[in-house]
Amino acid sequence: METPFIADVMLGKLATWLRLLGCDVEYLTAISDENLVEMASRSGRVILTRDLQLIRRRKARDNHFLVQGDNYKDQLRQVVERFSIDPLGRILTRCLRCNELLKDIGRSAVRERVPPYVYETQTDFRTCGCCGRIYWRGTHRDEAMKHVMKIFGIQE
Ligand SMILES: [Zn+2]
């Protein structure tokens, strides 16, 4: 079962990395603590935060996870462990910018939208229905896999 999250404004990097793993993470750069807590409560999202002040709010008490430390790698490991997330299972299935699930898109449809070299060498493309960004399996996925395996000490 997938837990949807909302990350507080201090945790942008963690939010992006969780999205890279395929997690559903709402992240807004300009939102007050009060609105964030309200939004989490209404949408059933778990608040990811380092802010002790924030978790004292009544509506945050039972639906938060307090992240420790400044390092996004440590933070990522904490969240993955706590919520039993498979770090490689759904890698790059979500837009890093918008949090939207990516959809398959035919190779011919991306011809004008990716560098010629990418078009020539890749066959598997996905796109975000929200921002239109194109992702492809080769370099994008290999890089992401490499980083994630390193962070979690997974051997190839
Ligand atoms: Zn997007």
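Throughout this document, residue positions are counted from 1 along each chain, in the order its sequence is written. Local features in this predicted model are restricted to residues whose pLDDT is 70 or higher, and side-chain atom pairs enter the listing and the counts only when it is 80 or higher, whereas totals over whole chains, interfaces and linings include all residues. The side-chain figures draw on all heavy atoms in the structure; neither hydrogens nor water molecules are used.

## Brief notes about the environment of Cys-23
Reasoning step 1: Every helix listed is a DSSP run of H or I at least four residues long, and every strand listed is a run of E at least two residues long, numbered separately from the N terminus. Along the chain, the position of Cys-23 falls in the loop between α1 (12-20) and β2 (25-27).
Reasoning step 2: For each residue, the accessible area found with a 1.4 Å probe, counting protein chains only, is set against the maximum for its type, and the residue is called buried under 20%, exposed over 50%, and partly exposed in between. Judged by relative accessible area, Cys-23 falls into the buried class, the value being 2%.
Reasoning step 3: Separated by 116 residues in sequence, Cys-23 and Thr-139 place their C-alpha atoms 21 Å apart.
Reasoning step 4: Each residue touching Cys-23, except ones within four places of it in the same chain, is listed here: Glu-2, Phe-5, Leu-18, Ile-85, Arg-90, Arg-94 and Asn-99. Whether two residues touch is decided by their heavy atoms; if any such pair falls within 4.5 Å, the residues are in contact.

## A closer look at the coordination of the zinc ion
Reasoning step 1: For Na, K and Ca the donor cut-off is 3.2 Å, while for other metals it is 2.8 Å, and in both cases only N, O and S atoms qualify; water is not among them, so sites may look incomplete. Ligation of the zinc ion by protein atoms is provided by Cys-95 (SG), Cys-98 (SG), Cys-128 (SG) and Cys-131 (SG), these donors lying 2.3 Å from the ion.
Reasoning step 2: For the zinc ion, the 4 donor atoms in the first shell make angles of 103 to 114 degrees at the metal, so the coordination geometry reads as tetrahedral.
Reasoning step 3: Spacing between the donor residues of the zinc ion along their common chain follows C-x2-C-x29-C-x2-C. Here Cys-131 lies in the loop between β6 (125-128) and β7 (134-136) and Cys-95 lies in the loop between α3 (72-82) and β5 (102-105), a separation of 36 residues in the sequence.
Reasoning step 4: According to the relative accessible area criterion, Cys-95 is buried, its value standing at 0%.
Reasoning step 5: Exposure remark for Cys-131: the relative accessible area of 31% places this residue in the partly exposed category. Labels for metal geometry use angle windows, namely 85 to 135 degrees for all angles of a four-donor tetrahedral site, and for square planar (four donors) or octahedral (six donors) sites opposite donors over 155 degrees apart plus all others within 65 to 115; sites meeting none of these are irregular.

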